[in-house]
Amino acid sequence: MTTCASSVSKKRLLLGITGGVAAYKAAELARLLTQEGIEVRTVMTKSACHFVGPVTFQSLTGNPVYTDLWETNAVNNMAHINLSRHVDMILVAPASADFIARLAGGMADDLLATLCLARDCPLIIAPAMNRQMWENPATQRNLSLLQRDGVRIIGPASGEQACGEIGMGRMLEASELVEMVRTAFQTGGLLQGKKVLVTAGPTFEAIDAVRGITNKSSGKMGYAVARAAVDAGATVTLVSGPTCLVPPIVDKLIQVVSAEDMLHAVQAEISQIDIFISVAAVADYRVARVCQQKIKKSDKKLSIELIPNPDILMMVSSLPEPPFCVGFAAETEDLEKNAELKRRKKNLPLLVANLAQDAIGSDESELILLDGAGKHVLPKASKMEQARHLIKHINSLYQQ
Ligand code: C5P
């Protein structure tokens, strides 16, 4: 994404820091945010002050740091209201399991929790904790609650943790968080109130009880698109084929196996949908007669009859009142020509083309967006970055 400091400078952000080893990363975060021209006010919980000192943040941001709900020199003694009234966004990084629980419970037992409760601006949290705390059903339940309440959750990442264990729970790096904040300021609310359905991943077409036909799609692009749509404020349903990825937090996740399962899931949801983004690599064929038992090995030739699968995207774009439809095409040759033919055949306002050999399984891709006005090339970048560009482009076409 192009860095556009001017569009975020002069924005005001309240940086909340809670207790966790990752609090040290918040110092770099405060420095980078300030460097972007964002005015940063810092609020620290009592436990955060055990890990890092308020003076650090005061020096890095050039602004006072608040730690106490009962701050006596705040105007009207109403620090909780004043601080959250004067910011465009609250970012809590790191957000500990305890803070997440208090937030989900609507508690107002310290300054930061009170500010979050008394806000009228977007709230983003970057969780950081031990992997078992992250995996605990209580934490996951709290995160779902927060998500339903419109709180944006970014991260955590997987990797080595301060405790020496390896797993989910590492706070995203400061540079990644700054990128998220920049995007949130630029695209936040773009798709507010819109209902978006994304299909992602491959499908798996059974041959017998244990075998099947699938493809190399990882689901990374589809999951990035779903995440970017959530970040833009949309209500997102994700219909996903089998992948090895942790799915993004969306409003509704429907996990399917075959193309027919995917078709049924899409059919059940589509009447509610404003924008349909079909990223899934749906198998074109399925096995005519699936053997219920494992097929026994023999010396004889074996033929499997394949029959065409329904084209889900075509079904949706042919509806009497279709949603705004976006297709993806992974081609191995004549990329643009084949993709544009597909766009016309499926009657799509927008089709995203990429080279199969470059994109499949990779964390990066180069995309060509084909629409009625021609082509727009998005040079190679991470799939998350491309997804954010795509959401902006979809929004501009959708508005027309
Ligand atoms: O497979 P094909 O290149 O035609 O895929 C182009 C688009 O159509 C993709 O967006 C894909 O998700 C969608 N598609 C589908 N159902 C199929 C095949 C493809 O929705 N059976």
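Our structure is the block above this text.
Our subject in this report is the structure included herewith. Predicted, not measured: the structure shown is a model, and the values here were computed from it.

Calculation notes
Residues numbered from 1 in each chain as written. Predicted model: local features only at pLDDT ≥ 70, side-chain atom pairs only at ≥ 80, totals over all residues. Heavy atoms only, no water. Axes fitted to C-alpha atoms, helices over the stretch in contact; angles between N-to-C directions. Helix = DSSP H or I, 4+ residues; strand = E, 2+ residues; numbered from the N terminus. Parallel < 35°, antiparallel > 145°, perpendicular 65-115°, else oblique. Left-handed = near helix turned anticlockwise from the far one by under 90°. Contact = heavy atoms within 4.5 Å. Nonpolar A, V, L, I, M, F, W, Y, C, P; charged D, E, K, R; others polar. Salt bridge = Lys/Arg side-chain N within 4 Å of Asp/Glu carboxyl O. Buried < 20%, exposed > 50% of the residue type's maximum accessible area, 1.4 Å probe, protein only. Expected span 1.5 Å × (residues − 1). Near = heavy atom within 4 Å. Polar contact = N/O pair within 3.5 Å; in protein donor to acceptor, adjacent residues only side chain to side chain. Areas by Shrake-Rupley, 256 points an atom, 1.4 Å probe, with all protein chains shown as cover. Patch = residues over 30% accessible without salt bridge, like charges linked within 9 Å, V, L, I, M, F, W, Y side chains within 5 Å. Pairing = 2+ DSSP bridges.

Observations concerning the packing of helix α2 (residues 23-35) against helix α4 (residues 54-61)
- Taken N-terminus to C-terminus, the directions of α2 and α4 make an angle of 15°; their axes are 9 Å apart at the nearest point. Classified by the angle their axes make, α2 and α4 are roughly parallel. Where α2 crosses over α4, the handedness of that crossing is right-handed. Contact residues: A23, A26, A27, A30, R31 and T34 in α2; T56, F57, L60 and T61 in α4.
- Residues belonging to the contact of α2 with α4 are distributed by class as follows: 6 nonpolar, 3 polar and 1 charged.

Topic: the pattern of salt bridges
- Inspection of every chain in the model, using the stated rule, returns 23 salt bridges.
- Where R31 meets E28, a salt bridge forms, and the shortest distance between an N and an O atom there is 3.0 Å. Remark: E28 and R31 occur in helix α2; sequence separation between them is 3 residues, near one turn of the helix.
- Assessed through its relative accessible area of 34%, R31 is described here as partly exposed.
- Taking the relative accessible area as the measure of exposure, E28 reaches 35% and is therefore partly exposed.
- Each of the salt bridges in this network shares a partner with another, and the network as a whole consists of E36, E179, R182 and R388.

Structural notes on α2
- When the terminal C-alpha atoms of α2 are compared, their 19 Å separation across 13 residues agrees well with the 18 Å that a helix rising 1.5 Å per residue should span.
- When we look at burial in α2, the residues that qualify are A23, K25, A26, A27, L29, A30, L32 and L33.
- G37 occupies a position one or two residues after α2 and carries a positive phi of about 95°.

Remarks on the site of the ligand
- All residues adjacent to the ligand are S278, A280, V282, D284, P310, D311, I312, L313, G327, F328, K342 and K346.
- One of the backbone nitrogen or oxygen atoms of S278 is found 2.6 Å away from an oxygen atom of the ligand.
- Here A280 contributes a backbone N or O atom positioned 2.6 Å from an oxygen atom of the ligand.
- For the ligand, the accessible surface in isolation is 440 Å², of which the surrounding protein chains cover 89%.
- Elements with a contribution of two residues or more to the shell around the ligand: α13 (312-317) and β17 (324-331).
- Taken together, the residues of the shell around the ligand sort by class into 6 nonpolar, 2 polar and 4 charged.

Quick word on a nonpolar patch on the surface
- Together, Y285, L302, I304 and L306 line one region of the surface with nonpolar side chains, adding up to about 400 Å² of accessible area.
- Position of L302 relative to the elements: it lies in the loop between β15 (285-287) and β16 (306-308).

Considering the sheet that holds strand β20 (residues 374-382)
- Ordered in space as β13-β12-β9-β14-β17-β18-β19-β20, the 8 strands form an open sheet in which the pairing is mixed. Both outer strands of the open sheet, β13 (252-255) and β20, are each paired with one neighbouring strand and no more. The mean angle between the axes of side-by-side strands here comes to 15°, regardless of whether they run parallel or antiparallel.
- Relative to β17, strand β14 (residues 275-278) runs parallel, the two sharing 4 bridges. Paired with F276 across the two strands is C325, which belongs to β17.
- On top of the sheet, helix α14 (residues 335-345) reaches β17, β18 (350-355), β19 (364-371) and β20; it is set at about 150° to β18, its chief contact.
- Sheet strands touched by helix α16 (residues 383-399): β14, β17, β18, β19 and β20. Its angle to β20, the strand with the most contacts, is close to 155°.

Overview of the environment of K346
- Take K346: it is sitting in the loop between α14 and β18.
- For K346, the contacting residues outside a window of four places in its chain are D311, L313, M314 and S317.

Here we look at the packing of helix α6 (residues 97-104) against helix α9 (residues 137-148)
- Packing of α6 against α9 brings their axes to within 9 Å, and their N-to-C directions diverge by 50°. By the angle between their axes, α6 is oblique relative to α9. Note on packing geometry: the crossing formed by α6 with α9 is left-handed. Taking contact as the criterion, the partners of A97, I100, A101, L103 and A104 in α6 are, on α9, T139, N142, L143, L145 and L146.
- Here the residues of the contact of α6 with α9 are counted per class, giving 8 nonpolar, 2 polar and no charged.

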